[in-house]
Amino acid sequence: FPYIVSSDPPKNESVNLNWPINKNITITFSEPMDEAKANSAISISGGPAVFIKSWNLESTIVTLTLQNPLSKSTLYTLKVSTAATNKKG
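This text gives an overview of the structure that appears in the document.

Criteria and cut-off values
Residues numbered from 1 in each chain as written. Predicted model: local features only at pLDDT ≥ 70, side-chain atom pairs only at ≥ 80, totals over all residues. Heavy atoms only, no water. Helix = DSSP H or I, 4+ residues; strand = E, 2+ residues; numbered from the N terminus. Contact = heavy atoms within 4.5 Å. Pairing = 2+ DSSP bridges. Axes fitted to C-alpha atoms, helices over the stretch in contact; angles between N-to-C directions. Core = buried A, V, L, I, M, F, W, Y, C linked by side-chain atoms within 4.5 Å. Buried < 20%, exposed > 50% of the residue type's maximum accessible area, 1.4 Å probe, protein only. Patch = residues over 30% accessible without salt bridge, like charges linked within 9 Å, V, L, I, M, F, W, Y side chains within 5 Å. Areas by Shrake-Rupley, 256 points an atom, 1.4 Å probe, with all protein chains shown as cover. Salt bridge = Lys/Arg side-chain N within 4 Å of Asp/Glu carboxyl O.

Comments concerning the side chain of Thr85
Positionally, Thr85 belongs in the segment after strand 6 (77-80). Apart from residues lying up to four places away in sequence, Thr85 is in contact with Pro2, Met33, Asp34 and Lys37.

Okay, here's the thing in structure tokens:
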């Protein structure tokens, strides 16, 4: 099964303070992903966050390019559900 190798902000179960309000988010997967399924499995909750998802050529790194800065006073949660699958399904 694919898993998240790394992310920026770093993956953790605690609050990540001092994240820049206009910095893009990246997620690196362990193997090439089905981009459509992974895209629908990635979400940000807690407040308005408008972003465009773009993948590298190997379909292992997705970048969430923010279209508007995040709100300083809002706690956002980035989630990748288990619906994200690799290219093999």
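So, the sheet that holds strand 1 (residues 4-8)
Strands sit in the order 1-2-5-4 across an open sheet of four strands; the sheet is antiparallel. Every other strand in the sheet has two partners, leaving strand 1 and strand 4 (51-55) as the edge strands with one partner each. Across the sheet, the mean angle separating the axes of adjacent strands is 15° when strand polarity is ignored. Looking at chain direction, strand 4 and strand 5 (residues 61-66) are connected through five bridges and run antiparallel. Its bridge partner being in strand 5, Lys53 is matched across the sheet by Leu64.

Considering the nonpolar core
Ile44, Val62 and Leu64 are the most contacted members of the largest nonpolar core, which totals 18 residues. Elements that contribute at least two residues to this core include exactly strand 2 (25-29), helix 1 (35-41), strand 3 (42-45), strand 4 and strand 5. The residues touching Leu64, leaving out its near neighbours within four places in the chain, are Asn24, Ile25, Ile42, Ile44, Phe51, Ile52, Lys53 and Leu78.

Some remarks on a nonpolar patch on the surface
A contiguous nonpolar patch, built from Val15, Leu17 and Leu75 and spanning about 330 Å² of accessible area, is present on the exposed surface. Tracing the chain through its elements places Val15 in the loop between strand 1 and strand 2.

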